[in-house]
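Single-letter residue listing:
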Amino acid sequence: MSCEAVRTFKLVTLREVDLVGAEMNRLLGPDERQVLDLISTAGGMAGALWQMASARAPVQRGLIECR
């Protein structure tokens, strides 16, 4: 992956975080720290859930058995 592709992704991601934060602020009125905490938590949860949903077979078996 090129450095330019990584840079572009990061800039787009940061712009989207700003847009989501502005909308949250408009609707709910949290401060900037609360907005960043919420976005970080949502992103972390999305990543964890994606890994569980697309896990390789041995990991899937373990997740199913631990329900």
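As a starting point, this report considers the structure included with it. (Residues numbered from 1 in each chain as written. Predicted model: local features only at pLDDT ≥ 70, side-chain atom pairs only at ≥ 80, totals over all residues. Heavy atoms only, no water.)

### Here we look at the pattern of salt bridges
Here is step 1: Enumeration over the complete set of coordinates arrives at 2 salt bridges.
Here is step 2: Residue Arg26 pairs with Glu23 through a salt bridge whose shortest N-O separation is 2.5 Å. Remark: Glu23 and Arg26 occur in helix H1 (residues 3–28); sequence separation between them is 3 residues, near one turn of the helix.
Here is step 3: Of the charged contacts, one joins Asp37 and Arg33 as a salt bridge, the two residues approaching to 3.0 Å between their closest N and O atoms. In this pair, Asp37 and Arg33 both sit in helix H2 (residues 32–53), 4 residues apart, roughly one turn of the helix.
Here is step 4: Under the relative-accessibility criterion, Asp37 is labelled partly exposed at 39%.
Here is step 5: A residue is classified by how much of its surface remains accessible, and Arg33, at 52% relative accessible area, is exposed. (Salt bridge = Lys/Arg side-chain N within 4 Å of Asp/Glu carboxyl O. Helix = DSSP H or I, 4+ residues; strand = E, 2+ residues; numbered from the N terminus. Buried < 20%, exposed > 50% of the residue type's maximum accessible area, 1.4 Å probe, protein only.)

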